[in-house]
Amino acid sequence: MAQIIDGKKIAAKVRGEIAAECAELLKKGIQPGLAVIIVGDDPASKVYVRNKKKACEEVGFHSEVYELPEATTEDELLALVGRLNNDDRIHGILVQLPLPRHLNDDIIIANIDPKKDVDAFHPVNVGKIMIGNYDFLPCTPAGVMVMLKECGIDPAGKECVVVGRSNIVGKPQAMLLLHANGTVTVCHSKTKNLADVTRRADILVVAIGKADFITGDMVKDGAVVIDVGMNRRPDGKLTGDVDFASVEPKASFITPVPGGVGPMTITMLLQNTLTSAKRVAGTPPRA
Ligand code: GUN
């Protein structure tokens, strides 16, 4: 029987610390501010953006949400990003992905001031993460690392297997586990004998966007299983990339969906926005 890693509880603890630091900054006349831009009507993205705004308000941040129509042009979006780059009230800018097909994610991200890139998607910040000397945390992978730490799980010397190689999760997750001295393998759609690799994992992080893909036979007894997936079943229920029913009895620790990694991602976004505001205030970032 696995211990369930309660992402909501860990997120609440960290958000409490962030709120306390925000209150200190407010005394100095600085309120951390996050701008979130969403283009188009994707229902899932709209829910994520609403949750980000609510989370900002709960810790005392200023937040601005820009809901732009699907037909927004690249020039219009770049103009807004440019304005926010120069707005002193805004310490973090997040452009919700995916963007509509006529907009190029890479071009938009490259035009966010790296000092305000709280997603850590700008090539400068991606490079810093690679080197291991960075200000902004890649939100989802960093949230996973906080969860491991809170559970007393040290990746050092462990077989860490990441399933998925996205720029948002898989690649930066592999880097953070490597920085923590894990022995890291990254699997993807072309990996041969995937189950043979996942069965080696002491720590298995799954981020492929396929509902209930990892089953109990693919997991070693006693493994720590982190499920980054967020999928909707045909019956409307949310489910992760891990088949909880068959994996949970074998794992030592496992994250649920929902209530696992999700709340941690937004928490790390708040952390990055705070870090950016503290830089303006001349205060060192939180350890
Ligand atoms: N879409 C899905 N996850 C994310 C994220 O972490 N940041 C942004 N900007 N868009 C996303």
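Just so we're clear, the structure is a prediction, and the values are computed from it rather than from any experiment.

Conventions adopted
Residues numbered from 1 in each chain as written. Predicted model: local features only at pLDDT ≥ 70, side-chain atom pairs only at ≥ 80, totals over all residues. Heavy atoms only, no water. Helix = DSSP H or I, 4+ residues; strand = E, 2+ residues; numbered from the N terminus. Rg over C-alpha atoms; globule rule 2.2 N^0.38 Å. Buried < 20%, exposed > 50% of the residue type's maximum accessible area, 1.4 Å probe, protein only. Contact = heavy atoms within 4.5 Å. Areas by Shrake-Rupley, 256 points an atom, 1.4 Å probe, with all protein chains shown as cover. Lys, Arg positive; Asp, Glu negative; His and termini not counted. Charge placed at Lys NZ, Arg CZ, Asp CG, Glu CD. Axes fitted to C-alpha atoms, helices over the stretch in contact; angles between N-to-C directions. Parallel < 35°, antiparallel > 145°, perpendicular 65-115°, else oblique. Left-handed = near helix turned anticlockwise from the far one by under 90°. Nonpolar A, V, L, I, M, F, W, Y, C, P; charged D, E, K, R; others polar. Near = heavy atom within 4 Å. Polar contact = N/O pair within 3.5 Å; in protein donor to acceptor, adjacent residues only side chain to side chain. Pairing = 2+ DSSP bridges. Core = buried A, V, L, I, M, F, W, Y, C linked by side-chain atoms within 4.5 Å. Salt bridge = Lys/Arg side-chain N within 4 Å of Asp/Glu carboxyl O. Disulfide = S-S within 2.5 Å. pLDDT = per-residue confidence, 0-100.

**Q** Whenever I open this one, the overall build of the protein chain confuses me. Can you help?
**A** Along the protein chain, the regular secondary structure elements total 10 helices and 11 strands. Against the compact-globule benchmark of 19 Å for 287 residues, the protein chain has a radius of gyration of 19 Å, which places it among compact chains. On the principal axes, the C-alpha backbone points of the protein chain span a range of 50 × 40 × 35 Å. Residues classed as buried in the protein chain amount to 50% of the 287 residues present. Once local pairs closer than 6 in sequence are excluded, the contacts in the protein chain between residues at least 24 apart make up 70%. Carbon and sulfur atoms make up 54% of the accessible area of the protein chain, which totals about 13,500 Å². Treating the 34 positive side-chain charges of the protein chain as one cloud and the 35 negative ones as another, the clouds have centres 3 Å apart.

**Q** Help me understand the packing of helix 1 (residues 7–27) against helix 10 (residues 261–281), please; the structure alone is not making it clear to me.
**A** Between two packed helices, both the angle of their axes relative to each other and the distance between the axes serve to describe the pair. Where helix 1 contacts helix 10, the axes come no closer than 9 Å and their chain directions differ by 15°. One element, helix 1, and the other, helix 10, form an angle in the roughly parallel class. The two elements helix 1 and helix 10 meet at a crossing, and its hand is left-handed. Seen from helix 1, the contacting residues are G7, K8, I10, A11, V14, R15, I18, E21, C22 and L25; seen from helix 10, they are P263, M264, I266, T267, M268, L270, Q271, L274, A277, K278 and A281. Class assignment for the residues of the contact of helix 1 with helix 10 results in 14 nonpolar, 3 polar and 4 charged.

**Q** Before we go on, may I ask you to explain the site of the ligand in this structure?
**A** Around the ligand, a shell composed of L94, V95, Q96, L97, D119 and F121 is seen. V95 places a polar main-chain atom, nitrogen or oxygen, 2.8 Å from a nitrogen atom of the ligand. Backbone polar atom of L97 to a nitrogen atom of the ligand: 2.9 Å apart, as the coordinates give it.

**Q** Is there a simple way to explain unusual backbone geometry in this structure?
**A** The phi angle of most residues is negative, glycine excepted, and most peptide bonds adopt the trans form. Here the amide bond leading from L97 into P98 is cis, since omega sits at 0°, within 30 degrees of zero. Tracing the backbone through its elements, the reader meets P98 in the loop between strand 4 (92–95) and helix 4 (105–110). The residue after V257, namely P258, is reached through a cis peptide bond having omega 0°. As for its position among the elements, P258 is in the loop between strand 11 (253–254) and helix 10. Phi is positive for A120, close to 60°, though the residue is something other than glycine. Here A120 is to be found in the loop between helix 4 and helix 5 (123–131).

**Q** Got a minute to help me understand the sheet that holds strand 8 (residues 224–227) in this structure?
**A** Strand pairing within a sheet occurs via backbone hydrogen bonds; the two strands may be parallel or antiparallel. Across the sheet, which stays open at both edges, the 6 strands sit in the order 1-11-8-7-5-6 with parallel pairing between neighbours. Either end of the sheet is taken by a strand with one partner, and the two such strands are strand 1 (3–4) and strand 6 (183–187). Here 4 bridges tie strand 5 (residues 159–163) to strand 7 (residues 203–206), and the two strands are oriented parallel to one another. Note on strand 7: the bridge partner recorded for V162 is V205.

**Q** Could you clarify how one ought to interpret the nonpolar core in this entry?
**A** Most often, soluble globular proteins keep nonpolar side chains buried together rather than apart. Of all hydrophobic cores here, the largest spans 50 residues; its most connected members are F61, L148, I226 and V228. Among the elements that take part in this core, helix 10 stands out by supplying 8 residues, more than any other. With near-sequence residues (within four places) excluded, I226 lies in contact with I5, V144, L148, L204, V205, V206, T255 and V261. With 19 residues, the next largest nonpolar core counts V161, M218, V247 and A251 among its residues.

**Q** What should I look at first to understand the pattern of salt bridges in this one?
**A** Tallying each qualifying case throughout the model produces 11 salt bridges. Salt bridges here are not isolated pairs; linked through shared partners, they connect K128, D135 and R279.

**Q** Is there a simple way to explain the state of the cysteines in this structure?
**A** Put plainly, a disulfide is one covalent bond tying together the sulfur atoms of two cysteines. Per the stated rule, a full pass over the model turns up 0 disulfides. Looking at the unpaired C160, the closest cysteine sulfur is the one in C187, lying at 12 Å. When its relative accessible area of 1% is taken as the criterion, C187 is described as buried.

**Q** In this structure, what is going on with the confidence of the model for the protein chain? I would like to understand it.
**A** Detailed reading of the predicted model is not advised wherever pLDDT is low. Taken as a whole, the protein chain shows an average pLDDT of 96; of its residues, 99% reach a score of 70 or greater. The secondary structure element of the protein chain with the lowest average pLDDT is strand 9 (residues 231–232), at 92, and the one with the highest is strand 5, at 99.

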